[in-house]
Amino acid sequence: MVVDRCICHETSFLELKEIARERGLNSVEELREAGLSSTNCKLCVPYIKRMLETGETKFDLLKPDKRSV
Ligand code: FES
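Residues numbered from 1 in each chain as written. Predicted model: local features only at pLDDT ≥ 70, side-chain atom pairs only at ≥ 80, totals over all residues. Heavy atoms only, no water.

## A word on the environment of cysteine 6
Piece 1. Here cysteine 6 lies in strand β2 (residues 5–6).
Piece 2. By relative accessible area, which is 2% here, cysteine 6 ends up buried.
Piece 3. For the pair cysteine 6 and threonine 57, spaced 51 residues apart in the sequence, the C-alpha separation amounts to 11 Å.
Piece 4. Excluding its chain neighbours within four sequence positions, the residues that come into contact with cysteine 6 are Thr11, Phe13, Ser37, Ser38 and Cys44. (Helix = DSSP H or I, 4+ residues; strand = E, 2+ residues; numbered from the N terminus. Buried < 20%, exposed > 50% of the residue type's maximum accessible area, 1.4 Å probe, protein only. Contact = heavy atoms within 4.5 Å.)

Spelled out as structure tokens, the structure:
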């Protein structure tokens, strides 16, 4: 299974990455405060952290012990 979006906000990580770059948002907290992701279930948080660190926008499903938020 590939994870490529914040489902709750119906926004792909590719879109989030571009918006983050355009607005100078550098953390999950900044994206959350802007209302762009991660305000509901927060399952996307570890993936968005990795997106911001590595630039990747598609991920294999993380094991539960790696999903710390
Ligand atoms: S998937 Fe991002 S808040 Fe639910």
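## Looking at the packing of aromatic side chains
Piece 1. Scanning all chains against the criterion turns up 3 aromatic pairs.
Piece 2. Here the aromatic rings of tyrosine 47 and phenylalanine 59 are separated by 5.9 Å at their centres, their planes lie at 45 degrees, and the arrangement is tilted. Of the two residues, tyrosine 47 sits in helix α3 (residues 45–54) while phenylalanine 59 sits in strand β4 (residues 59–60), which places them 12 residues apart along the sequence. Exposure class is identical for tyrosine 47 and phenylalanine 59. Each is buried.
Piece 3. By the ring-pair criterion, three or more aromatic residues cluster together here, those being Phe13, Tyr47 and Phe59. (Phe/Tyr/Trp six-rings, centres within 6.5 Å; stacked < 30°, edge-to-face > 60°.)

## Examining the nonpolar core
Piece 1. Counting residues in hydrophobic clusters, the biggest one holds 16 residues, and the most contacted among them are Phe13, Leu16, Leu31, Tyr47, Ile48 and Met51.
Piece 2. Put simply, the parts of the chain that give this core at least two residues each are α1 (13–23), α2 (28–33) and α3.
Piece 3. Element by element, the count of residues in this core is highest for α3, at 4 residues. (Core = buried A, V, L, I, M, F, W, Y, C linked by side-chain atoms within 4.5 Å.)

## A look at the layout of surface pockets
Piece 1. Counted as a void, the largest pocket has a volume near 260 Å³.
Piece 2. Around the largest pocket, the lining comprises 14 residues; the ones closest to its centre are Val3, Arg5, Ile7, Leu43 and Tyr47.
Piece 3. Every element with two or more residues in the lining of the largest pocket is listed here: β1 (2–3) and β2.
Piece 4. Along the lines of polarity and charge, the residues of the lining of the largest pocket split into 11 nonpolar, no polar and 3 charged. (1 Å grid on protein atoms, 1.4 Å probe; cavity = no way out; pocket = protein on both sides within 12 Å on 5 of 7 lines; lining within 4 Å. Points joined across faces, edges and corners; volume = space filled by probe spheres on them. Nonpolar A, V, L, I, M, F, W, Y, C, P; charged D, E, K, R; others polar.)

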